[in-house]
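For reference, the chains in residue letters:
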Amino acid sequence: MWKRVVGGLLVWGWVACGWGQMLDRTDSRVQTTLAIEWKCLGTIQPRGVTEIPGEQMWTLGCETLCRDYIYWDTYKEYVAPLGIKKIRLQAGWAKTEQERGKFDFTWLDAVVDDALARGLEPMLETSYGNPIYPGGGDWDLGAGFPVSEEGLAAWEVWVETLAKHYRDRVKIWMMWNEPDIGKKKTPEEIVHFNIRTAEIIRRIIPDSRIGALSLARNSPEFLEKCLKVLTQEKKEGLFEWMIYHGYAKNPDSSYKNVEAMREVMNRYVPQWKLWQGENGCPSEMAHRFALSNHPWSELTQAKWNTRRMLGDWGHDVLSAVFTICDFDHKGREINRKGLLKINDKRNLAKVKMAYYSVQNVVAVWDGTLERQKDYRCEIVCEVPITWYAARDEKKGEDVLVFWDGNQIPGDSNETHKGTITVEKGLFSDPVWADLITGRIYEIPAECKEIQEGKMVLKNVPVYDAPAIIADRNRLIQEK
């Protein structure tokens, strides 16, 4: 891959690296009505998984393969170029053991091995049950746990067989998906089932890393009930993360509950970390599933996803993007939360705007950036502004991200003018970039000045999608 600046625009050259055929690699791959008067310098360079250094905060959903709602081959060429290294897969007991005592992992091996070959790290969720055993649980979302003696015994054999099969390929594991919906389970049932499952995985893979609960809601009250049971059983050491989902039309509105959950965790399991394990937004009006009955668009999906990712990052929460591709949920409708749009389960229709916007976030927020909790910054604007700051300590480079998080993301790209004041020296040659389109703009000299030892940036565009201030040489580097 190469890049250079030509006529003020950043031009990319690409080598063959397994990128999906429908990916637009041009400087103008995302176009919106956002009007910025400043000079455009180029576009943020996307980076595939092998080009991004360090540990990421991001994970990517590649779910429902276990139920044939979508197929890995439909979208596999588009996963690694997105830049997110860790992918969430569901192990699919019912698909793997269709005849009692006979386990066929061929379908999952094909996915796991191909993902590893592409530089991805597969993570496995143990969902769901298997109705070939009486009381063995159901095979789909909202399913009941195995409850009979025979069903529970078969579950334990399944988990042990699964862990042995993947112990050299998978280190991160997650518990049964969203046990608090559908055939609802009590906190006691959920916790004891988590313990039963995690103890088997940890026995087979001593260095495994396990996320607990995988709750559909982000309820501090329900979490506390679960953690009371877990700590009474003295089994909190089995787990490293608490996983929650919790959809909201305005992603910024979730963090009151997220911080309340953190307070609960700090009382019971202060060593755990929070992990938002499944969140996404439709790209059109939906009538089923989370965030339905709202006039979403590709633009608002892109705004929603980027705000969720960076809001999670700003709250020190591991953040999942749900999901890489639309999937056809049998008996319901196509779930349009994918970054890729499908015509049907085996045929892609297009790459959505959100794919490129997520790609922009991932390209900038690599493993070199650390959040700065006490960053000295003030943003004055006619609307309340959400903002966070990051620093590359090794290079001494900062990134400031900000947006209007007051409302549900909308289709208007009208901007407000803000004044940003930061300590002098934190930016040497700042530029402004939009994370939806990836476009990078020069901040005019008349909009930059030093006042009382501080850098003041004036007339900075602010709207309901994330934009960043960063040094020019961090975003644009000539060969």
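Scroll up to find the structure.
Residues numbered from 1 in each chain as written. Predicted model: local features only at pLDDT ≥ 70, side-chain atom pairs only at ≥ 80, totals over all residues. Heavy atoms only, no water.

1. Looking at the pattern of salt bridges
Tallied over the full model, the rule gives 42 salt bridges. Two residues, Arg 88 and Glu 278, come together in a salt bridge whose shortest N-O distance is 2.9 Å. Taken as a pair, Arg 88 in strand β5 (residues 86–90) and Glu 278 in the loop between β10 (273–276) and α9 (298–314) lie far apart in primary sequence, 190 residues in all. Side by side, Arg 88 and Glu 278 carry an identical accessibility label, which is buried. A salt bridge links Glu 449 to Lys 458, with the shortest nitrogen-to-oxygen separation between them at 2.8 Å. Via salt bridges that share partners, Arg 47, Asp 366, Asp 392, Glu 397 and Arg 474 belong to a single interconnected network. (Salt bridge = Lys/Arg side-chain N within 4 Å of Asp/Glu carboxyl O. Helix = DSSP H or I, 4+ residues; strand = E, 2+ residues; numbered from the N terminus. Buried < 20%, exposed > 50% of the residue type's maximum accessible area, 1.4 Å probe, protein only.)

2. Quick word on the sheet that holds strand β11 (residues 318–321)
On the basis of which strands lie adjacent, the closed barrel formed by eight strands has the order β4-β5-β6-β7-β8-β9-β10-β11 and parallel pairing. Neighbour-to-neighbour, the strand axes of the sheet open up by a mean angle of 25 degrees, direction not taken into account. Bridge count between β5 and strand β6 (residues 121–125): five bridges; the pairing is parallel. Bridged to Ile 87 within β6 is Pro 122. (Pairing = 2+ DSSP bridges. Axes fitted to C-alpha atoms, helices over the stretch in contact; angles between N-to-C directions.)

3. Things to note about the packing of aromatic side chains
Considering all chains together, one arrives at 23 aromatic pairs under this definition. Each ring, one from Trp 155 and one from Phe 193, has its centre 4.9 Å from the other, and the planes form 40 degrees; the classification is tilted. Taken as a pair, Trp 155 in helix α5 (residues 149–166) and Phe 193 in helix α6 (residues 187–204) lie far apart in primary sequence, 38 residues in all. With respect to burial, Trp 155 and Phe 193 carry one shared label: buried. With a centroid separation of 4.9 Å and an interplanar angle of 75 degrees, the aromatic rings of Trp 241 and Trp 275 are classed as edge-to-face. Of the two residues, Trp 241 sits in strand β9 (residues 241–244) while Trp 275 sits in strand β10, which places them 34 residues apart along the sequence. The exposure class assigned to Trp 275 is buried, which follows from its relative accessible area of 2%. Site record: aromatic cluster; members linked through ring pairs are Trp 93, Phe 103, Phe 105, Tyr 128, Tyr 133, Phe 145, Trp 155, Trp 158, Tyr 166, Trp 176 and Phe 193. Directly above the aromatic system of Phe 222 lies the positively charged group of Arg 217, at a separation of 4.1 Å from the ring centroid. In this structure, Arg 346 packs its charged tip against the face of Tyr 71, placed 3.8 Å from the ring centre. (Phe/Tyr/Trp six-rings, centres within 6.5 Å; stacked < 30°, edge-to-face > 60°. Lys NZ or Arg CZ within 6 Å of the ring centre and 35° of its normal.)

4. Observations concerning the sheet that holds strand β19 (residues 397–403)
Ordered in space as β3-β22-β21-β25-β19-β18-β16, the seven strands form an open sheet in which the pairing is antiparallel. One side of each edge strand has no neighbouring strand; the edge strands of this open sheet are β3 (40–43) and β16 (370–371). With two bridges joining them, β16 and strand β18 (residues 386–392) adopt antiparallel strand pairing. Opposite Arg 371, over in β18, you have Ala 390 as the bridge partner. Each of β16, β18 and β19 touches α9; the most contacted strand, β18, lies at about 65 degrees to it. (Contact = heavy atoms within 4.5 Å.)

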